[in-house]
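Structural characterization, general
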Amino acid sequence: MHTSPSHPDGFIPGRGAQINPPNRFETLHVVADPDCPPEERPHPRTQFFHDATESLLTKNDSPDVGFSWGLNSYRGCEHGCAYCFARPYHEYLGWSSGLDFETKILVKLRAPELLRAELSAPRWQPEPIAMSGATDCYQPAERHFRLTRRCLEVCAELRHPIFIITKNALVTRDLDLLTELARYRCISVHVSVTTLDTELGGALEPRASRPQARLRAIRELSAAGIPVGVMVAPVIPGLTDHEMPAILDAVAAAGARRAGHVVVRLPYAVKDVFLQWLDDHVPGKKARVLDRLRSMWGGKLYDSTWGKRMSGEGVFAKQLHDLFEVSARRAGLNQERFALSTEHFRRPGGEQLTLF
């Protein structure tokens, strides 16, 4: 059995992080007493908190991100992916990028109402919205709260374009709404596929759908006429990069029409969580993974500079890019673009006429 320094009797089941690294904004950091018996330590069960935000859509001005507006109904993500770049956002809430990120989930219960109000405002100029740009809109909490579905109902009513990024097969639950949106070219779904190895996927992304379930979701979406793309993301050099050709072949066979890729990003405390994960699960590959990452970012494990943070630089980064391009072309992907339409957008009650 694997062991973790934070849990000497074994891993916390179903969690990608085994630690709570310090919050860079807080002066105090709570550390478990090493003499405390494991059976007396509190189990990190998922907790849900009401997020009372009064706005929903967030503007993105990053030049290397392919959308301007994002929608996140949840903050934190129970999928628990060890590499998740969104983990540091939890530090703004006074929590940790580690276990806190995947066990303390903020829920925007009014998300559908806020979305309807923002899309109905006269100042809103319709353009595609990404759901989600950070945490997964189909994470396990969605089975209960159904906020993603209710936001899709708003988009279907207003015929507003939206595109989904997820690694959960739960997306097929909403085929009825996705099909309605597809009638007006208002939807595309992008499924993240990191690996085809079920065991590795279970360790790396413990509460996300397993690879075969994601392939089934792609088949169902494609069969229903939904434009489906795939993100081979993140590519982890020295661990998953060799799978890229097989992943692209598999998703193309399942019906995906487009694909992209992003190299793993380790900002702030994500690095601590991921390094611990490497020690716990693949210690023999840790040195190779870190060496390749450093070769892509000038000796560092990550560089947040726009233009290079998604792909890195150098010889190995170019090899990864070339491998993706060749493999995607061979699989017949990226032969067409997903052009979402705003021409059918309608505000509730129709457009109000001006007096003069």
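Just above sits the structure.
Quick notes on the overall build of the chain
In terms of regular secondary structure, the chain is built from 11 helices and 10 strands. Expected size for 356 residues packed as a compact globule is a radius of gyration near 21 Å; at 21 Å, the chain falls within 12% of this value. Taken along the three principal axes of its C-alpha coordinates, the chain extends 75 × 50 × 35 Å. For the chain, with 356 residues in total, the buried portion stands at 53%. Restricting the contact set of the chain to residue pairs at least 6 apart, pairs at least 24 apart contribute 80%. Entry remark: accessible area of the chain is about 16500 Å², with carbon and sulfur atoms responsible for 53%. Side chains of the chain give 44 positive and 42 negative charges; the mean places of these two sets differ by 5 Å.

Focus on helix α5 (residues 175-182)
Of the positions making up α5, those classed as buried are Leu-175, Leu-177, Leu-178 and Leu-181. End-on view of α5: buried residues confined to an arc of 160°, all on one side of the axis. Buried residues along α5 sit against α4 (147-158), β7 (162-166), β8 (187-192) and α7 (211-223).

Structural notes on the nonpolar core
Counting residues in each nonpolar core, the largest one holds 83 residues, and the members touching the most others are Phe-274 and Trp-277. Tallying contributions element by element places α4 first for this core, with six residues. Within the second largest apolar cluster, six residues are counted, among which are Tyr-74, Ile-105, Val-107 and Phe-145.

Overview of the packing of helix α2 (residues 111-120) against α4
Describing two packed helices takes the angle between their axes plus the distance from one axis to the other. Where α2 meets α4, the closest approach of the two axes is 8 Å, and the angle between their N-to-C directions is 25°. Here α2 is positioned roughly parallel relative to α4, judged by the angle of their axes. Of the two elements, α2 crosses α4, and the hand of that crossing is right-handed. Taken together, the residues of α4 that come into contact with α2 (itself represented by Ala-111, Pro-112, Glu-113, Leu-115, Arg-116, Leu-119 and Ser-120) are Leu-147, Arg-150, Cys-151, Val-154, Cys-155, Glu-157 and Leu-158.

Details of the side chain of Asp-241
As for its position among the elements, Asp-241 is in the loop between β9 (228-235) and α8 (244-254). Here Asp-241 falls in the buried class, since its relative accessible area comes to 9%. If we ignore the near neighbours within four places in the chain, the residues touching Asp-241 are Val-235, Ile-236, Arg-292, Phe-316, Leu-320 and Leu-323.

Side note on the sheet that holds strand β10 (residues 258-263)
Read from one edge of the open sheet, seven strands run β2-β3-β6-β7-β8-β9-β10, paired in mixed fashion. Two strands lie at the open edges of the sheet, namely β2 (57-59) and β10, each paired on one side alone. For this sheet, the mean inter-axis angle between neighbouring strands, taken without regard to orientation, is 25°. Sheet topology places strand β6 (residues 129-131) next to β7; three bridges connect them, and they run parallel. Bridging across to β7, Ala-130 finds its partner in Phe-163. Its contacts with the sheet put α5 on β7 and β8, and the angle it makes with β8 is roughly 130°. Packing of helix α11 (residues 315-331) onto the sheet brings it into contact with β9 and β10, and relative to β10 it is tilted by some 165°.

Structural notes on α2
The set of residues buried in α2 consists of Ala-111, Pro-112, Leu-114, Leu-115, Glu-118 and Leu-119. Down the axis of α2, the buried set is contained in an arc of 160°. They therefore lie on one face. If you follow the buried residues of α2, they end up packed against β2, β3 (69-71), β6 and α4.

Points about the sheet that holds strand β4 (residues 74-75)
Ordered by their spatial adjacency, three strands build an open sheet running β1-β5-β4, and the pairing between neighbours is mixed. Pairing within the sheet leaves two strands with one partner each, and these edge strands are β1 (47-50) and β4. Sheet analysis places β4 next to strand β5 (residues 104-107), joined by two bridges and oriented antiparallel. The residue of β5 that forms the bridge with Arg-75 is Leu-106.

As for the pattern of salt bridges
Under the criterion given, the structure shown has 25 salt bridges. Between Glu-343 and Arg-185 there is a salt bridge, and its shortest N-O distance comes to 2.8 Å. Of this pair, Glu-343 sits in the segment after α11 while Arg-185 sits in the loop between α5 and β8, and the two are 158 residues apart along the sequence. The class of Glu-343 is exposed, set by a relative accessible area of 57%. Salt bridges sharing partners connect three or more residues here, namely Glu-142, Arg-149, Glu-153, Arg-173, Asp-174 and Asp-176.

Rules behind the numbers
Residues numbered from 1 in each chain as written. Predicted model: local features only at pLDDT ≥ 70, side-chain atom pairs only at ≥ 80, totals over all residues. Heavy atoms only, no water. Helix = DSSP H or I, 4+ residues; strand = E, 2+ residues; numbered from the N terminus. Rg over C-alpha atoms; globule rule 2.2 N^0.38 Å. Buried < 20%, exposed > 50% of the residue type's maximum accessible area, 1.4 Å probe, protein only. Contact = heavy atoms within 4.5 Å. Areas by Shrake-Rupley, 256 points an atom, 1.4 Å probe, with all protein chains shown as cover. Lys, Arg positive; Asp, Glu negative; His and termini not counted. Charge placed at Lys NZ, Arg CZ, Asp CG, Glu CD. Arc of directions from axis to C-beta. Core = buried A, V, L, I, M, F, W, Y, C linked by side-chain atoms within 4.5 Å. Axes fitted to C-alpha atoms, helices over the stretch in contact; angles between N-to-C directions. Parallel < 35°, antiparallel > 145°, perpendicular 65-115°, else oblique. Left-handed = near helix turned anticlockwise from the far one by under 90°. Pairing = 2+ DSSP bridges. Salt bridge = Lys/Arg side-chain N within 4 Å of Asp/Glu carboxyl O.

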